[in-house]
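Listed here are the chains, written in short residue letters.
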Amino acid sequence: MNMEQKKEMQLSLQMVSGYGAEFNAWRMPGADPAAYTNIDSYVERAKLAEQGKFQMIFIADTPALTSSLSHKTPMFPMDPMLALMAVARETKYIGLVATLSTTFNYPYNLARQFKALDVISHGRVGWNAVTTSDPNVAANFGSKPINRQERYEKAHESIEIVQALWGSWQKDAWTLDVETGQFADMEKIQPVHLQGQHYATRGPLPIPPSEQGQPVIFQAGGGQEGLELAGRFASGVYANPYDIQSAKEHREAIRQSAIQFGRDPDDIKMFAGFMFSLGATEEEALMRRKQLMDFNPEEIPGRVSYLGSMINVPLSIHSIDIDQPLTTEQLQYAYASPMDPRAPKALQLLQQGLSIRDVLAHGVINYHPVVAGTPVQVADFLEEWFLAGACDGFSIVPDASFDGVADFVHLVVPILQERGVFHKEYEGNTLRENMKVPYQYGVQKGDYKHD
């Protein structure tokens, strides 16, 4: 076994809104239609993930109504921090990561919320620091979208201020000396007095360190600005590559960014997004996905048309039978659109003679790679990407959470463990220990210049 094979992947469970990756999953037999407001369902899934030794659960967030709820469920929980608070009290080892924007949140509020939850959970919290360009979100905060450069300027300032506030209560400031009556040494709890172009704070933050020092910083977002933010601050990155090659390139770019900021590239982990549908056979898994599609038939015409644009062949349900494969003549001039990284897989499946409905069931237009198949097929995909150096782990989301999480834990995790690519026990009690990233507390000496 070579050195790459001795490494172990890490797993993060995306919680979504309580239902799963497919927004029609609330109608599946056995699902709780009201899972959105049933916090017990979040706790149950998190406890299952902890049973499966997942390093963390992850809640993405956009604080706005981004699509109609007439037939589909929301994309995100009611409130990510409150959901994690409920989970924190019912779990012991699994990490708790939430997204909150640097664009529409004051650094002091971010620092206070995440550090408090980190202390409450005994060092298991992570902050996915992202910028926000959605005009619906801006409107909710009485603002307008700002340009990319300003968003990332604010992000750098925000994270620097948050880290300074996290460290403003020094490690040994909490004396708790009952004999002398000294609760804390105020010489070691000092203001930070940071003034930036967009944000400022006085501090201090009156919260002591957790067992891991401070929350782990994550980043999600592409482009050069995203790479710089990740390389400078993040210990974890959530990414959305569609194939091994682009995943390897993105991971290497992240590692190079870490090196440019004087960091060990092994101290930053990339998690590739991944969706799955499990069945005893591949046919059974595809039937499950087709059932989910059939819950919302009005979406199918748009999906068929979009599939056509991916392979540059006009497709319409009014002119073709979607339960039949495309003819040789229809595929004669087809090619994968260079503008869509999902297109090569879509074309490959069509060229193999699958029907249009089956190709769609394979998830070719989903926003993460999808495997619809047996537990072995899912494990094969994860192992192949990991051993190829395409990622350090995966941010997985089942098609439907009510049974998908349990099936993955009971059927896929044991295969990965048997193959030696996923751990069998938690390495420690904190998120940093289980991610294998260094202890950190506050802004590190010499890292940044303070105004």
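Definitions and limits used
Residues numbered from 1 in each chain as written. Predicted model: local features only at pLDDT ≥ 70, side-chain atom pairs only at ≥ 80, totals over all residues. Heavy atoms only, no water. Buried < 20%, exposed > 50% of the residue type's maximum accessible area, 1.4 Å probe, protein only. Helix = DSSP H or I, 4+ residues; strand = E, 2+ residues; numbered from the N terminus. Pairing = 2+ DSSP bridges. Right-handed = clockwise from strand over helix to strand, strands pointing away. Polar contact = N/O pair within 3.5 Å; in protein donor to acceptor, adjacent residues only side chain to side chain. 1 Å grid on protein atoms, 1.4 Å probe; cavity = no way out; pocket = protein on both sides within 12 Å on 5 of 7 lines; lining within 4 Å. Points joined across faces, edges and corners; volume = space filled by probe spheres on them. Nonpolar A, V, L, I, M, F, W, Y, C, P; charged D, E, K, R; others polar. Salt bridge = Lys/Arg side-chain N within 4 Å of Asp/Glu carboxyl O. Arc of directions from axis to C-beta. Contact = heavy atoms within 4.5 Å. Axes fitted to C-alpha atoms, helices over the stretch in contact; angles between N-to-C directions. Parallel < 35°, antiparallel > 145°, perpendicular 65-115°, else oblique. Core = buried A, V, L, I, M, F, W, Y, C linked by side-chain atoms within 4.5 Å.

### Describing the pairing of strand 10 (residues 236–239)
Line of reasoning, step 1. Residues Gly236 and Tyr238 point to one face of strand 10 and Val237 and Ala239 to the other, with burial holding for every one of them.
Line of reasoning, step 2. The pairing of strand 9 (residues 216–220) with strand 10 spans three bridges and is classified as parallel. Looking across to strand 10, one finds that Ala220 is bridged to Tyr238.
Line of reasoning, step 3. A crossover connection joins strand 9 to the parallel strand 10 through helix 7 (residues 223–233); in handedness this β-α-β unit is right-handed.
Line of reasoning, step 4. As paired strands, strand 10 and strand 11 (residues 269–278) are joined by four bridges and run parallel to one another. Considered in strand 11, the bridge of Val237 is made with Met270.
Line of reasoning, step 5. On the question of chirality, the crossover connecting strand 10 to the parallel strand 11 by way of helix 8 (residues 244–260) is right-handed.

### Structural notes on unusual backbone geometry
Line of reasoning, step 1. With omega at 0°, the peptide bond leading from Gly203 into Pro204 counts as cis.
Line of reasoning, step 2. Even without being a glycine, Asn312 presents a positive backbone phi close to 60°.
Line of reasoning, step 3. Asn312 sits in the partly exposed class, given a relative accessible area of 35%.
Line of reasoning, step 4. Phi angles above zero are rare outside glycine, and Lys436 is one such case at about 60°.
Line of reasoning, step 5. Its place among the elements puts Lys436 in the segment after helix 16 (431–435).
Line of reasoning, step 6. The class of Lys436 is partly exposed, set by a relative accessible area of 45%.

### Some words on the side chain of Glu22
Line of reasoning, step 1. Summarising the element assignment, Glu22 is placed in the loop between strand 1 (10–14) and helix 2 (39–51).
Line of reasoning, step 2. Here Arg289 takes part through its side chain, which lies 3.0 Å from a polar atom of the side chain of Glu22.

### Observations concerning the layout of surface pockets
Line of reasoning, step 1. By volume, the second largest pocket is sized at about 550 Å³.
Line of reasoning, step 2. Along its surface, the second largest pocket is lined by 23 residues, and Lys345, Gln348, Val370, Val371 and Phe381 are the ones closest to its centre.
Line of reasoning, step 3. Mapped by element, the contributors of at least two residues to the lining of the second largest pocket are helix 12 (343–351), strand 12 (370–373) and helix 14 (375–387).
Line of reasoning, step 4. The element that contributes the greatest number of residues to the lining of the second largest pocket is helix 14, accounting for five residues.
Line of reasoning, step 5. Of the residues in the lining of the second largest pocket, the class split is twelve nonpolar, five polar and six charged.

### What to know about the pairing of strand 3 (residues 95–101)
Line of reasoning, step 1. The buried fraction of strand 3 amounts to seven of the seven residues, a majority that puts the element mostly inside the structure.
Line of reasoning, step 2. Neither face of strand 3 is left uncovered, since the one carrying Gly95, Val97, Thr99 and Ser101 and the one carrying Leu96, Ala98 and Leu100 both have all their residues buried.
Line of reasoning, step 3. The pairing of strand 2 (residues 56–59) with strand 3 spans four bridges and is classified as parallel. Residue pairing across strands places Met56 opposite Gly95, the latter belonging to strand 3.
Line of reasoning, step 4. Here six bridges tie strand 3 to strand 4 (residues 125–130), and the two strands are oriented parallel to one another. Residue pairing for strand 4: Ser101 is matched across the bridge by Val130.

### Quick look at the pattern of salt bridges
Between side chains of opposite charge, pairing is possible as soon as their charged atoms come close.
Line of reasoning, step 1. Under the counting rule described, the total for this entry stands at 19 salt bridges.
Line of reasoning, step 2. Glu299 is the partner of Lys72 in a salt bridge, and the nearest nitrogen-oxygen pair spans 2.5 Å. Linking Lys72 in the loop between strand 2 and helix 3 (80–88) with Glu299 in the loop between helix 9 (282–294) and helix 10 (300–311), this pair joins segments that are 227 residues apart in sequence.
Line of reasoning, step 3. A residue is classified by how much of its surface remains accessible, and Lys72, at 30% relative accessible area, is partly exposed.
Line of reasoning, step 4. With a shortest N-O distance of 3.0 Å, Arg251 and Asp392 are connected by a salt bridge. Highlighted residues: Arg251 in helix 8 and Asp392 in the loop between helix 14 and strand 13 (393–398), separated in sequence by 141 residues. Neither residue differs from the other here; Arg251 and Asp392 are each classed as buried.
Line of reasoning, step 5. Among the ionic contacts, a cluster of salt bridges with common partners joins Lys72, Glu299 and Arg303.

### Points about helix 12
Line of reasoning, step 1. Looking only at helix 12, the buried set comprises Ala343, Ala346, Leu347, Leu349 and Leu350. Buried residues of helix 12 fall within an arc of 165° about the axis and therefore sit on the same side.
Line of reasoning, step 2. Lining the buried residues of helix 12 we find helix 10, helix 11 (328–331) and helix 13 (356–361).
Line of reasoning, step 3. Looking one or two residues past helix 12, Gly353 carries a phi angle of roughly 95°, positive in sign.

### Observations concerning the packing of helix 3 against helix 4 (residues 107–120)
Packed helices, taken two at a time, are described by the angle their axes make and the gap between the axes.
Line of reasoning, step 1. At their nearest, the axes of helix 3 and helix 4 sit 10 Å apart, and the two run at 10° to each other. In this view, helix 3 runs roughly parallel relative to helix 4, as classed from their interaxial angle. Together, Met81, Leu84, Met85 and Ala88 of helix 3 and Gln113, Phe114, Leu117 and Ile120 of helix 4 make up the contact between the two elements.
Line of reasoning, step 2. Looking at the contact of helix 3 with helix 4 residue by residue, the class counts come to seven nonpolar, one polar and no charged.

### Remarks on the nonpolar core
Line of reasoning, step 1. Formed by 80 residues in total, the largest nonpolar core has its most connected members in Phe54, Ile57, Phe394 and Phe408.
Line of reasoning, step 2. What Phe408 contacts, discounting residues up to four positions off in sequence, is Leu11, Phe54, Phe276, Leu278, Val378, Leu382, Ile396 and Val413.
Line of reasoning, step 3. Counting 28 residues, the second-largest nonpolar core is a separate cluster that includes Ala285, Val313, Ala334 and Ile356.

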